[in-house]
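Okay, here's what each chain looks like letter by letter:
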Amino acid sequence: MTDSVDAINAEALRILKLLEEVPFDACCPLTREFAELPPRPGIYAVKHKTQGILYVGKSGSVKGRFKGGHKALGWAFMDRLDPDDVRIAVVVLSLQWIRLSLQLDQIIIRQLLPPYNVRVN
Amino acid sequence: MTSRTISTDERILDSLPDEIRVAIETYANESELSANAVIEGALKHFLSLDTSLSSEATNTAEGTSLLSSLPPILQSQAIQYAKQTEIPAELVIQLAIAHFLDPDSVTFDDCQVKVEQTSIAWLKQYADEVAAA
């Protein structure tokens, strides 16, 4: 049931809604250690205060993904975006969705076409 | 060029998909560690991101579990992490290795294996820390 296309689509859209609707102030600010990010499997969005979602990605440890540096933050820097206007939203994946993270990520990206994902592709 | 083994036996390495095992062996060659030490390093790297985990070995895995081939502190932290994340403890091994090989992956299913110089440098530093301990 979980693997059905409809169920995966529904979960992807649920995650996208959460990423879009979480208030900017409730997202994780950019810091050296990214201490507020979960060291858990999840789907994340790099968000701008007024421009919305810039990039969507997945990782087995969202905290680890950003601690190692992230190209989306490099692009934000080159686009002269104020670091205080960029934050990270995260939805942690439960066990049933961990193995379907690639499909979830791809559906969300296709739906939203975040500018920095489009730049990659 | 001597390989430094730590304490992991071969069970985890043998359980890995071919592509993942080859990548671990490549890292082992590049960093002058044993393949099992690379696996331990990947787990240590992954689990150290979760600062809520106890640094004392309070839980150990059953002998039949792949986790039991790890040092007690890594076993304990993997079990704690699994409980907090509500996933099977043995899946932690896969998450850790996949994250080490490709931080944009979650499991082996979506892992696009890369051999990065920064990871080799981290492993060499890890090897020095182990040797000094």
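Since the model is a prediction, treat every value here as computed from it, not as a measurement.

**A look at the nonpolar core**
Part 1: Ile108 of chain A together with Val38, Leu43, Ala78 and Ala96 of chain B are the most contacted members of the largest nonpolar core, which has 68 residues in total.
Part 2: Those residues in contact with leucine 43 of chain B that sit more than four places away from it in its chain are Leu70, Leu74, Ala78, Ile93 and Ala96 of chain B.

**So, the packing of helix α3 (residues 35-47) of chain B against helix α5 (residues 89-101) of chain B**
Residues and elements named next belong to chain B.
Part 1: Close contact between α3 and α5 brings their axes to 8 Å; oriented N to C, the two are set at 95°. Classified by the angle between their axes, α3 and α5 sit roughly perpendicular to one another. Contact with α3, carried on its side by Ile39, Ala42, Leu43, His45, Phe46 and Leu47, involves Ile93, Leu95, Ala96, Ile97, His99 and Phe100 of α5 and no other residues of that element.

**Considering the interface of chain A and chain B**
Part 1: In this assembly, 18 residues from chain A lie in contact with 16 residues from chain B.
Part 2: Counting residues per element, the ones that place at least two in the side of chain A that touches chain B are β3 (52-59), α2 (62-67), α4 (95-98) and α5 (101-112) of chain A.
Part 3: Residue classes in the side of chain A that touches chain B are distributed as five nonpolar, eight polar and five charged.

**Remarks on the sheet that holds β3 of chain A**
Residues and elements named next belong to chain A.
Part 1: What the four strands build is an open sheet, ordered β1-β4-β2-β3; its pairing is antiparallel. Single-partner strands in this sheet number two, and they are β1 (28-29) and β3.
Part 2: Where strand β2 (residues 42-48) lies against strand β4 (residues 86-92), seven bridges are found, and the strand directions are antiparallel. Considered in β4, the bridge of isoleucine 43 is made with valine 91.
Part 3: In the packing of helix α1 (residues 5-21) onto the sheet, contacts are made with β2, β3 and β4, and the angle to β4 comes to roughly 150°.

**Digging into the environment of leucine 37 of chain A**
Residues and elements named next belong to chain A.
Part 1: Secondary-structure assignment places leucine 37 in the loop between β1 and β2.
Part 2: Of the residues examined, leucine 37 has 22 C-beta atoms within 10 Å and is grouped as buried.
Part 3: In sequence terms leucine 37 and glutamine 51 are 14 residues apart; their C-alpha atoms lie 22 Å from each other.
Part 4: Every residue in contact with leucine 37, bar those within four places of it in the chain, is listed here: Cys28, Val62, Lys63, Phe66, Ile88 and Val90.

Conventions and cut-offs
Residues numbered from 1 in each chain as written. Chains lettered and ligands numbered in written order. Predicted model: local features only at pLDDT ≥ 70, side-chain atom pairs only at ≥ 80, totals over all residues. Core = buried A, V, L, I, M, F, W, Y, C linked by C-beta atoms within 7 Å. Buried ≥ 20, exposed ≤ 12 C-beta atoms within 10 Å, placed from the backbone. Contact = placed C-beta atoms within 7 Å. Axes fitted to C-alpha atoms, helices over the stretch in contact; angles between N-to-C directions. Helix = DSSP H or I, 4+ residues; strand = E, 2+ residues; numbered from the N terminus. Parallel < 35°, antiparallel > 145°, perpendicular 65-115°, else oblique. Nonpolar A, V, L, I, M, F, W, Y, C, P; charged D, E, K, R; others polar. Pairing = 2+ DSSP bridges.

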